[in-house]
Amino acid sequence: MDAVWSGTWVADRLGVRLEEAGDPGSPRLEGLLGLALRRNPKRAHLLVSQVLGKHVPQSPEAVYAAGHGLGERVRALLGDDAASAVVLGYAETATGLGHCVADGLGAAPYLHSTRRPVPGVEPAGGFEEAHSHATSHLLLPQDPKLLAGSGPLVLVDDEFSTGNTVLNTIRDLHARHPRGHYVVVALVDMRSPADRDRLTAFAAELGARVDLIALASGTVHLPEGVLAKGQALVEQYEEQGAGSSAAAPAPAAAPVGQVVLDWPDGVPDGGRHGFTPEHRARLEAALPALARQLADALGAEPGKVLVLGNEELMYAPLRLARALEESGAAAEVRFSTTTRSPVLAVDDPGYAIRTRLVFPAHDLPADGPGDRYAYNVAGAGFDTVVAVVDSHGDTGALHAPDGLLARLAAHAGRVLLAVIPSYTPDVSSDRREPIMPEPILPEPLRGPAFSSYAAEDCGWLLQDLSDVALEAPTEEREEAIQAGGAHYAESLPVEYQPSPQYQELYRSALAASAARMARAVGTVTETVLAERSPSPVLVSLARAGTPVGVLMRRWAQARHGLDLPHYAVSIVRGRGIDPNALRWLAAHHDPADVVFVDGWTGKGAITRELSAALREFPGFDPEIVVLADPGSCVRTYGTREDFLIPSACLNSTVSGLISRTVLRSDLVGPADFHGAKFYRELAGADVSTGFIDAVAARFDEVAETVDAEVKELLAADRTPTWEGWAAVERISEEYGIHDVNLVKPGVGETTRVLLRRVPWKILAQRGAGADLDHVRLLAEQRGVPVEEVDGLPYTCVGLIHPRFTRGATGADGKAVASK
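For clarity, every value in this text was computed on a predicted model and none was experimentally measured. Every chain's residues receive numbers from 1 upward, in the order its sequence appears when written. Note on the predicted model: pLDDT of at least 70 is required for a residue's local features to be given, and 80 or more for side-chain atom pairs to be given and counted; whole-chain, interface and lining totals, by contrast, use all residues. With hydrogens and water stripped out, all remaining heavy atoms of the structure feed into the side-chain values.

Draft legend 1. Looking closely at the overall build of the chain. Numbered from the N terminus, helices here are DSSP runs of H or I no shorter than four residues, and strands are runs of E no shorter than two. On a plain count of helices and strands, the chain comes out with 21 helices and 33 strands. Between buried and exposed lies partly exposed: a residue is buried under 20% and exposed over 50% of the maximum accessible area for its type, with that area taken using a 1.4 Å probe on protein chains only. A buried classification covers 60% of the 819 residues belonging to the chain. In this description, contact between two residues means that some pair of their heavy atoms is separated by no more than 4.5 Å. Sequence separation of at least 24 residues holds for 78% of the intrachain contacts in the chain that already meet a minimum separation of 6. Surface exposure of the chain reaches about 30,700 Å², of which carbon and sulfur atoms provide 51%. A 1.4 Å probe and the Shrake-Rupley method give the accessible areas. Residues count as covered only by the protein chains that appear here.

Following this line, the structure appears as structure tokens:
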């Protein structure tokens, strides 16, 4: 009797089917792919590879052979040019596959993208993965020249559904280091004819050859109404908890032991920073001894063994599993890896994801805590599971009662932990600049020469670029940013000049919320004084954080007679905080007293950016404090309500007449602060001081409330839940955007979208009142639809146009309505 295809369950219920399009000799799609579902109203199905070694435990030899065979085909295609090729794989699913392709190609060095920032390693590129659960990729080669050659670049992913990821990558890298030949490799090519034509046109536009190699190709047939049916099925089975094994471990949990591996010195744990042919040769030589160590730890009768890798750590566990399989020490060996991607589990032989284990992330991820998953492990009859992690992920969370090891122990006869040392690149070698040069830094800029704030209210650790032409039309900036040809911090939007009607809205908003603002200012300041330092050095993140920093300074002065220093510094998403500003602060103050201040949190991107940047600067506390924390990203806040902070309504005219900050290599050198402009010409419209005075005038009336609120907060559990990030990921998927950077949650961020970017639509909490009057007016002026929705955790969310070119707007620059 033939085995049931693991896509039957979805196919029968939704009418989804795979249509072959490859050569008759190619592997059949049903032998390579199963089907599953996840909560995503824009895409009903999920293709689940049978030979990737990610979601489905598979023979290590079968996983390795699939990638190695593709590499041999690439070598045949390239001929003599194979000697100069470089292979690039995608995190997290294709990191191991890319390694195997590089092995098959022969002498090619390998690099995979990563979602783990590494202090001291400068990114050599970055891009967005359109359909992924977590989109932002970094390229962090130890050798900056790895991607700078002119030989063929081989890009490896597990599947092609649209080709967007490949286009984004090639566009980014080609702009830096043009080359004439790209080879795209995948297990399956499932693009539509339109997506295939798009890649062809893109190659012609680029003036480069783009070849494509896959084990099999075809398309996915989706019948009418499949999205609604898929949603209903997911909802039904999630309520039933089908296939989920997330409950606490059973009382008879298996013992957890550890196997010590003599990992060869200097061999990286993977391709995060590059993996050379020399590394490969040294690993090959060490594998027999490593397999013997594993076999000795397993004992005489290990039974059915699963070697389980961990997210991006796929290749090293795969090679260990294959070596163990070849040694014959176990009756049966299978290989798979954990993942951050949530998928519905249904315990049915015709469904690709039958069970799932849920556990918290244990590698201190840059995007905050969250659930991780191991699929098809529970109920699979494994006698022994060997969990392989790198030392970066060997944390308390891994060993916790709800951690991965405990989850595995409830479903296996025995669990062994093998820890591979995380490879740390030498970033201080002769080929790099010193990590921390010691420039001669100027004193902070102060008003009235720079900014309209009083000199004592803020010192700006910036350089004055007021005489440099930096403004560009919003539509041109958006197109350049989304095309990968520019970073948002390399130019400035044209300053929005509010209409009389909008100015009146701002004045009304300030009058209505000044007391609420004062209360939040008091609460966050008193919390800082009680928990962080009795004499903090306030350092606001320019420019949204700067009015808050000024107000916190005023509160401390009014209520406690303190004269707190306050500075403003630049932080740029994707590029970190100004290192020279940090050096200035460390030279003039105790870093332990520095408290970083921002206006609000959305999804927490800047919170994570600051935490990652400060790893190179010990002594500074990376915890940011904010006025409003609707995203639940920080411990210290004035409120977690998403309300209108009037300073978000305007740009420079409420922020001391200072522009947003600028970071461009031709303007900001290694010894310079980041830059900004002082818009002296807008003095007639400036309300910066008036805003501060209006809020400060309400301090006395809210003082008693603040005292009571702070007492409650100090005793409360304020651990961040990062629910804002989860909401953003859900919205990104539900609205077909597939890029969390284009989803801007909260009143403040939505206002920024309308003032500075090309908005697509606004989601508003149904029944939201006057807090959104200014948003509705701006949306009306820009021709942007406002969609009222239920269940929104924020008052509103701004969506940036997800596929912006100037053709995506009308002749008047207004965003078109979404289709």
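Draft legend 2. Here's a closer look at the environment of Ser659. Relative to the assigned elements, Ser659 resides in the loop between strand S28 (636–639) and strand S29 (675–676). Under the relative-accessibility criterion, Ser659 is labelled buried at 1%. In the structure, Ser659 is positioned 20 residues away from Tyr679 in sequence and 7.3 Å away in space, judged by C-alpha atoms. Apart from the residues within four sequence positions on either side, Ser659 is in contact with Leu492, Arg543, Ser652, Ala676, Lys677 and Tyr679. Polar contact is the term for a pair of N or O atoms within 3.5 Å; when the atoms are in protein, one must be able to donate a hydrogen and the other to accept it, and sequence-neighboring residues count only if both atoms are side-chain atoms. From its side chain, Ser659 meets the backbone nitrogen of Lys677 in a polar contact 2.8 Å long.

Draft legend 3. A look at helix H9 (residues 315–327). For H9, with 13 residues, the first-to-last C-alpha span of 18 Å sits near the 18 Å given by 1.5 Å per residue. Every buried residue belonging to H9 is among Tyr315, Ala316, Pro317, Leu318, Arg319, Leu320, Ala321, Arg322, Ala323 and Leu324, and all of these are buried. A positive phi of about 75 degrees marks Gly328, the residue just after H9. Multiply 1.5 Å by the residue count of a helix minus one, and that product is the helix's expected span.

Draft legend 4. Spotlight on the packing of aromatic side chains. Here the aromatic set is Phe, Tyr and Trp, taking the six-membered ring for Trp, and pairing holds for ring centres within 6.5 Å; pairs whose planes are under 30 degrees apart are stacked, those over 60 apart are edge-to-face, and all others are tilted. Counting across every chain of the model gives ten aromatic pairs. Here the aromatic rings of Phe450 and Trp460 are separated by 6.1 Å at their centres, their planes lie at 75 degrees, and the arrangement is edge-to-face. Of the two residues, Phe450 is situated in the loop between strand S17 (414–420) and strand S18 (459–460) and Trp460 in strand S18; the sequence distance between them amounts to ten residues. For the pair shown, Phe450 and Trp460 are each scored as buried. An aromatic cluster is built from Phe450, Tyr453, Trp460 and Phe678, whose rings are joined through pairwise contacts. The rule for a charge over a ring is simple: NZ of Lys or CZ of Arg within 6 Å of the ring centre, and within 35 degrees of the ring normal. The cationic tip of Arg559 hangs over the ring face of Trp555; the distance from NZ or CZ to the ring centre is 5.8 Å. When the ring centre of Trp760 is taken as origin, the NZ or CZ atom of Lys761, which lies over that ring, is 4.9 Å away.

Draft legend 5. Molecular detail of the confidence of the model for the chain. Across the chain, pLDDT averages 85, with 89% of residues at or above 70. Every residue in residues 128–135 scores below 50 in pLDDT, and together they form 37 contacts with partners more than four places removed in sequence or on other chains. Think of pLDDT as the predictor's per-residue confidence, scored from 0 to 100. Within the model, pLDDT remains below 50 along residues 475–486, and this stretch shows 35 contacts once partners closer than five positions in the same chain are excluded.

Draft legend 6. The arrangement of the sheet that holds strand S8 (residues 153–160) in detail. With respect to topology, six strands assemble into an open sheet ordered S1-S10-S9-S8-S4-S5, the strand pairing being mixed. Of all strands in the sheet, those with a lone pairing partner are strand S1 (17–20) and strand S5 (110–112), marking the two edges. On average, adjacent strands in this sheet sit at an angle of 25 degrees to one another, irrespective of strand direction. When DSSP locates at least two bridges between a pair of strands, those strands are taken to pair. As paired strands, S1 and strand S10 (residues 209–221) are joined by four bridges and run antiparallel to one another. Every axis in this analysis is a line fitted to C-alpha atoms, fitted for helices over the stretch in contact. Angles between the N-to-C directions lie between 0 and 180 degrees.

Draft legend 7. Spotlight on the side chain of His279. Looking at where His279 falls in the secondary structure, it is placed in helix H8 (residues 277–298). His279 sits in the buried class, given a relative accessible area of 15%. Those residues within four positions of His279 in sequence are excluded, and the remaining contacts are Gly266, Val267, Pro268 and Gly274.

Draft legend 8. Seen up close, the pattern of salt bridges. For this document, the term salt bridge refers to a Lys or Arg side-chain nitrogen within 4 Å of an Asp or Glu carboxyl oxygen. In this structure the tally under the stated criterion is 39 salt bridges. Where Arg354 meets Asp347, a salt bridge forms, and the shortest distance between an N and an O atom there is 3.0 Å. When salt bridges that share partners are traced, they join Asp457, Arg553, Arg554, Asp563 and Asp693 into one network.

Draft legend 9. Region of the structure containing the sheet that holds strand S33 (residues 796–800). As summarised here, the arrangement of the four strands in space is S30-S33-S31-S32, forming an open sheet in which the pairing is mixed. Each end of this open sheet is capped by a strand with a single partner; those strands are strand S30 (743–745) and strand S32 (786–789). Neighbour to neighbour, the strand axes of the sheet diverge by 20 degrees on average, direction disregarded. Judged from the five bridges that link them, strand S31 (residues 759–765) and S33 form a sheet pairing that is antiparallel. Within S33, the position partnered with Pro759 by the bridge is Ile800. Sheet strands touched by helix H19 (residues 723–734): S30, S31 and S33. Its angle to S30, the strand with the most contacts, is close to 140 degrees.

Draft legend 10. Seen up close, unusual backbone geometry. Cis peptide bonds are those with omega within 30 degrees of zero, and the linkage from Ala91 to Glu92 qualifies with -5 degrees. By the secondary structure assignment, Glu92 is in the loop between strand S4 (86–89) and helix H4 (95–105). Cis geometry marks the peptide bond from Ala542 to Arg543; its omega dihedral reads 0 degrees. Structurally, the position occupied by Arg543 is in the loop between strand S22 (537–541) and helix H14 (546–560). Positive phi, close to 95 degrees, is recorded for Ser451, a residue that is not glycine. Topologically, Ser451 is positioned in the loop between S17 and S18. The phi dihedral of Ser632 falls on the positive side, at around 50 degrees, and the residue is not glycine.

Draft legend 11. Representation of the packing of helix H13 (residues 500–531) against helix H18 (residues 699–715). In the contact formed by H13 and H18, the axes pass within 8 Å of each other and the chain directions differ by 45 degrees. Comparing their axes, H18 and H13 come out oblique. Pair H13 / H18 crosses with right-handed handedness. Contacts from Ala515, Ala518, Arg519, Val521, Gly522, Thr523, Glu526, Thr527, Ala530 and Glu531 of H13 reach H18 at Phe699, Glu701, Val702, Thr705, Val706, Glu709, Val710, Leu713 and Leu714. Only Asp, Glu, Lys and Arg are considered charged in this grouping, and only Ala, Val, Leu, Ile, Met, Phe, Trp, Tyr, Cys and Pro are considered nonpolar; every other residue, Gly among them, is considered polar. Of the residues assigned to the contact of H13 with H18, the class counts are ten nonpolar, four polar and five charged. Orientation categories follow fixed angle ranges, with anything under 35 degrees roughly parallel, anything over 145 roughly antiparallel, 65 to 115 roughly perpendicular, and all other angles oblique. The sense of a crossing depends on the near helix, which, turned anticlockwise from the far helix by less than a right angle, makes the crossing left-handed and, turned clockwise, makes it right-handed.

Draft legend 12. Region of interest: the nonpolar core. Leu37, Val87, Leu105, Val154, Tyr351 and Val386 are the most contacted members of the largest nonpolar core, which has 112 residues in total. Examining the composition of this core, we find that eight residues originate from one element, H8, more than from any other. Here the nonpolar core consists of buried residues drawn from Ala, Val, Leu, Ile, Met, Phe, Trp, Tyr and Cys, with membership extended through side-chain atoms lying within 4.5 Å. Within the second largest apolar cluster, 73 residues are counted, among which are Leu492, Trp600, Ala779 and Cys796.

Draft legend 13. Up close: the environment of Tyr110. Following the sequence through the fold, Tyr110 ends up in strand S5. Taking the relative accessible area as the measure of exposure, Tyr110 reaches 0% and is therefore buried. Once the C-alpha coordinates of Tyr110 and Gly270 are considered, the two residues, 160 residues apart in sequence, prove to be 9.2 Å apart. If we skip the residues at most four places from it in the chain, Tyr110 touches Val87, Leu88, Gly89, Ala94, Thr95, Gly98, His99, Ala102, Gly271, Gly274 and Phe275. In terms of polar contacts, Tyr110 uses its side chain to reach the backbone carbonyl oxygen of Thr95, at 2.7 Å.

Draft legend 14. Structural detail: the packing of helix H5 (residues 164–176) against helix H6 (residues 193–206). Two numbers describe how H5 lies on H6: the axes approach to 11 Å, and their chain directions differ by 10 degrees. With respect to their mutual orientation, H5 and H6 come out roughly parallel. Of the residues in H6, those touching H5 at Asn164, Leu167, Ile170, Arg171 and His174 are Arg198, Leu199, Phe202 and Leu206. Of the residues contributing to the contact of H5 with H6, the split by class is five nonpolar, two polar and two charged.

Draft legend 15. Structural detail: H13. Here H13 is 32 residues long and its end C-alpha atoms lie 43 Å apart, about the 46 Å a rise of 1.5 Å per residue gives. Of all bends in H13, the biggest is about 55 degrees, found at Ser513. At any given residue, the bend is defined as the angle formed between two axes, one fitted to the seven residues that end at that position and one fitted to the seven that begin there.

Draft legend 16. Region of interest: the pairing of S10. Here strand S9 (residues 181–189) pairs with S10 via eight bridges, running parallel. Bridging from a neighbouring strand, Val184 pairs with Leu212 of S10. The β-α-β motif built from S9, the intervening H6 and the parallel element S10 has right-handed crossover chirality. Look down the strands so they point away from you; if going from the first strand over the helix to the second traces a clockwise path, that crossover is right-handed.

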